[in-house]
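# Survey of secondary and tertiary structure
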Amino acid sequence: MGIHASNKLETLVEQLRQAKTVCALTGAGVSKESGVPTFRDEDGLWQKFRPEELANVNAFISNPSLVWEWYNWRRQLMSGVKPNLGHLALAELQDLVDSFVLITQNVDNLHRVAGNRDVIELHGNISRNKCHDCGKIFEKGDQETDFVFKPGELPKCPLCNGRLRPDVVWFGENLPVDAIERAWTLSQQCDVFLSIGTSSIVYPAAALPQLAKQAGAYLVEINPKPTDLAPMADMVFSSPSGEALPLIVQALKDSA
Ligand code: BV8
Ligand code: ZN
């Protein structure tokens, strides 16, 4: 079904207007139109690197320089990117429905930059650093730990001299408890759940849309390539999020 099937938009607008709570789960696909590579697309990050080599704690322990070089490269990539029309539409959506919570797997901070106020970061945030040994988190701008990584110089924690690392969740690591617990609860309470730009492969994030559907939410997937979630979705937009989301938000505004 093409995005322009107006009855599709009308149906979704009706669902959004009646909804008390709307949840959105986003993945790397939402940032693709900002120029941030995804992980598993043909031109994605994982094509050049293997996740086991980089986004996991054993890689960091055994070869911290390699992992830091990869995240430093991604930070530089991030420094020039801006929210795209999909991010901006989600920021508008938060004020067009009763209550809106944005759950993201992305670590690029673009939803906050776009203006979303209630963002649950399941996998952390690449702009923050954390001490792997004492767990202290250092916000961006903390002069003691804001540094540009130089190969061969491993950054140390100013408190315990431990190993500094990006504040992101690696494979085999637990997600921040408050983040996943709140996302888990809200997914089961929401009336509409939008799964946007994610391959729905990585758990526990990928469980959230399924939970929402089982709890009775109206489930929508927005992804140019339908994923394993598509068969259980009530509606699928096989379009880029930067195209679909502005159309949905405009239709919602026109219906007011
Ligand atoms: C956990 C780091 C409990 C941050 C990432 C065996 C041992 C241990 C664990 C496991 C195991 N088997 C399974 C697991 C669980 C594991 C998991 O799910 N593995 C998968 C691969 C099977 N999960 C974990 O380990 C999680 N922790 O379970 O803790 C535990 C603890 C100990 C032992 C057991 C369990 C931790 C998960 C977090 C991992 N961290 N990255 C970083 O560097 O960024 S994962 C990585 O994948 C990213 O963080 C990303 O967020 C995540 C999901 O990827 P997507 O965002 O979906 O991106 P992707 O490229 O895949 O897809 C993009 C989509 O966009 C595509 O569908 C494409 O079609 C679409 N698209 C393209 N263009 C557009 C578009 N959509 C819209 N518009 C467009 N224009
Ligand atoms: Zn420390």
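Residues numbered from 1 in each chain as written. Chains lettered and ligands numbered in written order. Predicted model: local features only at pLDDT ≥ 70, side-chain atom pairs only at ≥ 80, totals over all residues. Heavy atoms only, no water.

For the rest of this paragraph, the subject is the pairing of strand β8 (residues 218-222). In terms of residue burial, β8 counts as a mostly covered element, since five of its five residues are buried. Residues Tyr218, Val220 and Ile222 point to one face of β8 and Leu219 and Glu221 to the other, with burial holding for every one of them. Pairing of strand β7 (residues 192-196) with β8 involves five bridges; the strand directions are parallel. Of the residues in β8, the one forming a bridge with Phe193 is Leu219. (Buried < 20%, exposed > 50% of the residue type's maximum accessible area, 1.4 Å probe, protein only. Helix = DSSP H or I, 4+ residues; strand = E, 2+ residues; numbered from the N terminus. Pairing = 2+ DSSP bridges.)

Right, let's talk about the sheet that holds strand β5 (residues 137-138) for a bit. Strand order in the open sheet formed by three strands is β5-β4-β6, and the pairing between neighbours is antiparallel. Edge strands, defined here as strands with exactly one partner in the open sheet, are β5 and β6 (164-168). Bridging between strand β4 (residues 124-131) and β6 involves five bridges; their strand directions are antiparallel. Considered in β6, the bridge of Cys131 is made with Leu164. Taken strand by strand, helix α6 (residues 64-79) contacts β4 and β6, and its axis lies near 140° from that of β4. (Contact = heavy atoms within 4.5 Å. Axes fitted to C-alpha atoms, helices over the stretch in contact; angles between N-to-C directions.)

The next subject is the site of ligand 1. With respect to spatial proximity, 34 residues lie near ligand 1, and among them Arg40, Tyr71, Arg74, Ser199 and Tyr203 are the closest. At 2.8 Å, a backbone N or O of Val169 approaches a nitrogen atom of ligand 1. When contributions to the shell around ligand 1 are tallied by element, the ones reaching two or more residues are α2 (29-32) and α6. Residues of the shell around ligand 1, tallied by class, amount to 15 nonpolar, twelve polar and seven charged. (Near = heavy atom within 4 Å. Polar contact = N/O pair within 3.5 Å; in protein donor to acceptor, adjacent residues only side chain to side chain. Nonpolar A, V, L, I, M, F, W, Y, C, P; charged D, E, K, R; others polar.)

Let us now look at the packing of aromatic side chains. Inspection of the entire model under this criterion finds three aromatic pairs. For the pair Phe60 and Trp170, a centre-to-centre distance of 5.2 Å together with 40° between the ring planes defines the contact as tilted. Here the residue Phe60 occupies a position in helix α5 (residues 57-62), and Trp170 occupies one in the loop between β6 and α9 (177-189), the gap between them amounting to 110 residues. For Phe60, a relative accessible area of 2% puts it in the buried group. Relative to Trp170, the ring of Tyr71 has its centre 6.0 Å away and its plane inclined at 50°; by these criteria the two rings are tilted. A residue pair is termed long-range when its members are at least 10 positions apart, and Tyr71 in helix α6 and Trp170 in the loop between β6 and α9 qualify at 99 residues. Exposure class is identical for Tyr71 and Trp170. Each is buried. Through pairs of rings, three or more aromatic residues link up here, namely Phe60, Trp70, Tyr71 and Trp170. Above the plane of the ring of Trp70 lies Arg74, whose end atom (NZ or CZ) is 4.7 Å from the centre. Sitting above the plane of the Trp170 ring, Arg165 keeps its charged end 3.8 Å from the centroid. (Phe/Tyr/Trp six-rings, centres within 6.5 Å; stacked < 30°, edge-to-face > 60°. Lys NZ or Arg CZ within 6 Å of the ring centre and 35° of its normal.)

All right, on to the pattern of salt bridges then. Following the criterion strictly, the structure yields ten salt bridges and no others. In this structure, Arg117 and Asp95 form a salt bridge, with 2.6 Å as the shortest nitrogen-oxygen distance. Of the two residues, Arg117 is situated in the loop between α8 (110-114) and β3 (119-121) and Asp95 in the loop between α7 (85-93) and β2 (99-104); the sequence distance between them amounts to 22 residues. Neither residue differs from the other here; Arg117 and Asp95 are each classed as exposed. For Arg128, the salt bridge identified is with Asp167, shortest N-O distance 2.7 Å. One end of the pair, Arg128, is in strand β4; the other, Asp167, is in strand β6, and 39 residues separate them in sequence. By relative accessible area, which is 8% here, Asp167 ends up buried. Because the salt bridges share partners, they merge into one network encompassing Arg112, Glu121, Arg128 and Asp167. (Salt bridge = Lys/Arg side-chain N within 4 Å of Asp/Glu carboxyl O.)

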